[in-house]
Structure formats: structure tokens, C-alpha cells
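Remarks on the overall topology
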Amino acid sequence: MADDAMPTLAVWKFASCDGCQLTLLDCEDELLAVAGRVRIAHFLEASRAVLPGPYDVSLVEGSITTPEDAERIQRVRQMSRTLVTIGACATAGGVQALRNFADVDEFTSVVYAHPQYVSTLATSTPIAAHVDVDYELHGCPIDRRQLLEVITALLVGRKPNIPAHSVCFECKQRHAACVVVAHGTPCLGPVTHAGCGALCPAHQRGCYGCFGPMESPNAGAEAGLLRATGMSEADIVRAYRTFNAAAPAFVELSRVTVGPPPAAGPGNVETERE
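Focus on the overall build of the protein
Looking only at helices and strands, the protein features 13 helices and five strands. Dimensions of the protein along its principal axes, counting C-alpha atoms only, are 70 × 50 × 25 Å. Taken over 274 residues, the protein has a buried fraction of 45%. Pairs at least 24 apart in sequence give 75% of the contacts found in the protein among residues at least 6 apart. Surface exposure of the protein reaches about 13800 Å², of which carbon and sulfur atoms provide 55%. Mean positive and mean negative side-chain charge positions of the protein (21 and 30 charges, respectively) differ by 2 Å.

Quick look at the layout of surface pockets
In this structure, the largest pocket encloses a volume near 340 Å³. Among the secondary structure elements, those contributing two or more residues to the lining of the largest pocket are helix H4 (88-92) and strand E5 (135-137). What the second largest pocket holds in volume is close to 280 Å³. Along the wall of the second largest pocket there are 18 residues; nearest its centre are Cys140, Cys196, Leu199, Cys210 and Phe211. In the lining of the second largest pocket, the residues fall into 13 nonpolar, three polar and two charged.

Quick notes on helix H6 (residues 144-156)
For H6, spanning 13 residues, the distance from its first C-alpha to its last is 18 Å, which sits close to the expected 18 Å at 1.5 Å a residue. Along H6, the residues that are buried comprise Gln146, Leu147, Leu148, Glu149, Val150, Ile151 and Ala153. Once H6 ends, the next one or two residues include Gly157, with phi positive near 80 degrees.

A short note on the pattern of salt bridges
Evaluation of the coordinates by the stated rule reveals eight salt bridges. In this structure, the salt-bridge partner of Asp235 is Arg238, at a minimum N-O distance of 2.4 Å. Of this pair, Asp235 and Arg238 both sit in helix H11 (residues 233-240), three residues apart, which is roughly one turn of the helix. Take Arg238: its relative accessible area is 51%, and that puts it in the exposed class.

So, empty space enclosed by the protein
A full pass over the atoms with the stated rule returns one cavity of 30 Å³ or more. Empty space within the largest cavity amounts to approximately 60 Å³. Forming the walls of the largest cavity are Pro7, Thr8, Leu9, Val34, Val38, Val57, Ile151, Leu154 and Leu155. Those elements that place two or more of their residues in the lining of the largest cavity are strand E1 (8-13) and H6. Per-element accounting of the lining of the largest cavity gives the leading share, three residues, to H6.

A look at the confidence of the model for the protein
For the protein, per-residue confidence averages 88 on the pLDDT scale, and 92% of positions sit at 70 or higher. Below a pLDDT of 50 lies the segment residues 258-274, which in the model reaches 24 contacts outside its immediate sequence neighbourhood of four places, other chains included.

What counts, and at which threshold
- Residue numbers run consecutively from 1 along every chain, following the written order of its sequence.
- Whole-chain, interface and lining totals are the exception, using all residues; otherwise, since this is a predicted model, local features are given only for residues with pLDDT of at least 70 and side-chain atom pairs are given and counted only at 80 or more.
- Think of the side-chain values as coming from all heavy atoms in the structure, minus any hydrogens and water.
- Numbered from the N terminus, helices here are DSSP runs of H or I no shorter than four residues, and strands are runs of E no shorter than two.
- Partly exposed describes any residue whose relative accessible area lies between the buried limit of under 20% and the exposed limit of over 50%, with all areas from a 1.4 Å probe on protein chains only and scaled to the type maximum.
- Residue contacts are defined here by distance: any two heavy atoms, one from each residue, within 4.5 Å place the two residues in contact.
- Where accessible areas are quoted, they stem from the Shrake-Rupley method and a 1.4 Å probe; at the residue level, only the protein chains shown are allowed to cover.
- All tallies of charge rest on Lys and Arg as positive and Asp and Glu as negative; His and the ends of each chain are not included.
- We put the charge of a Lys on NZ, of an Arg on CZ, of an Asp on CG and of a Glu on CD.
- Cavities and pockets are defined on a 1 Å grid built over the protein atoms alone: a cavity is a set of grid points where a 1.4 Å probe fits but cannot escape, while a pocket is an open set with protein on both sides within 12 Å along at least five of seven lines, and lining residues are those with an atom within 4 Å of any such point.
- Grid points are joined across faces, edges and corners, and a volume is the space filled by probe spheres set on the points.
- Side-chain classes are defined by residue name, with Ala, Val, Leu, Ile, Met, Phe, Trp, Tyr, Cys and Pro counting as nonpolar, Asp, Glu, Lys and Arg as charged, and the others, Gly among them, as polar.
- Under the convention used throughout, the expected extent of a helix is 1.5 Å for every residue step, that is, one less than its residue count.
- Counted as salt bridges are all cases of a side-chain nitrogen of Lys or Arg within 4 Å of a carboxyl oxygen of Asp or Glu.
- Confidence of the predictor at the level of single residues is captured by pLDDT, which takes values from 0 to 100.

Structure representation (C-alpha cells):
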């Protein structure tokens, strides 16, 4: 295939730490194979060489936090036939969306010596709040296997196979014991999107929810489960306001403050601890 006939790939950065872009670079051997079938036309993390659009696929990392970025994402969308958001910042506003629950002017006055020179929005919002998005890859950072699945699927013209179930499903696949039932450890696995391979529960740690909410999470049940492990209402709120603070489902979950704990399983955690 001639170079000018190859599909083009662009990678864009907005407000983020670059971790999801580094995941792409860390693919190493797999990336070399992909590079033989696609022209990387815009990827400033990897090269200063930039080819003009339009682009067949754009990967977008980061949230929208400034007026300039709100305008720039519109141009990226116009130049991109398929737009894929990658990571918690791009899909849910990122940890910087904690500003959404407070006064951003107060933050800037405390952090910066001359806040009058800081141009920022009052909120940090996901890319989908500004433009149409074709696919989303969750995680902080994203999973390299899911990233390669999306790129490969788009190259061959099929729909990417990205699971929508919870981390609990992955725990069962790994034959990992439930940390809530076995140890009374708080865990967001029942309401968190799969993709990490149940990394934390497999090492006897509760899920931190870095892949964001699964489809249709049960808010009341999860709140009761967390209370049964001894978490306070304030701790439950903080558990949801981290990597994916602005994800609508996690915002709802952080507001659920009523309801009894489950009657079985971890419901007797406090008794066992005593």
C-alpha cells in the first residue's frame, strides 16, 4: 500500500498528564506493527513532524479546561473522521474536575501569585460535552490492550470490542477472591467499568474506580456495600470524586447517602472486626 493511501492517525493533548499517550508509546512491538499500516500524521509526544488533516482517526487525551481548548476541540472534530477519547480526563473530566465542586477563583487565588493572568474555565469537562465522540476508552491511564483493540478494529473496518461490564466480572475471570467478602475491604469494583483486568483486587486491594462507572451502576446497593465495610458518608463521597469526578454516574453515586447495608455477605463485616 502506498503511503498516501494509508489511513492517518492523529493524537491530541488537552488538560492531562500525558499518561495515556505514554501508554500508546509503551506498546513498543505492537506499535511498530501498527505503524506499518497507518501514517502517524500528528503526535507531538512522539514526533515534531506534523502532516495536515483531515485525519482518519484521532485519539484525544485530556479534558477541556480553558476557553482556547473549547475552541480547539471543535477544530479537531472537524478534521477527524473518527474521534476516540482516551483516559479519565477525556471521558470524565479527570481529577481536575474536582474544581467543579468548588470555587475555581478561590483555587487560583491561593495557588497563583498573579491569578489575573490565568485564563481558565470554572469547570473541567469531558470531550463529549463539547463535540460528538465515536468511541471512548476509559482508565487512568488506559489499558494498552483496549487501545490496540480499537486501533486494530478501526484499521480493518469493524466495531471495536470494548466490554461494558464491571470489574467484578474480571475478578471472576482471574479467580480472585472478592476483597469485600473475604476481608471487608471497601471496593468500587461492582460499579466500575472493566478494562484493567481487576489489577487492584487481584493484589488484595479494593478497586479505586479509575476506569469510571460501568453502564447502569446500582447506586443504592454500592453505597450500602461501602457502609458495611465501615466507610463514613464523607469517605464514600471522596471515593467517587477522584479520577472520574465529573462522570454523571459517579456524581450520582457520591450523592447517595441513604439506604441500609446489604443483609448478607459483607453486612457482618463490623461484627467480624470486633
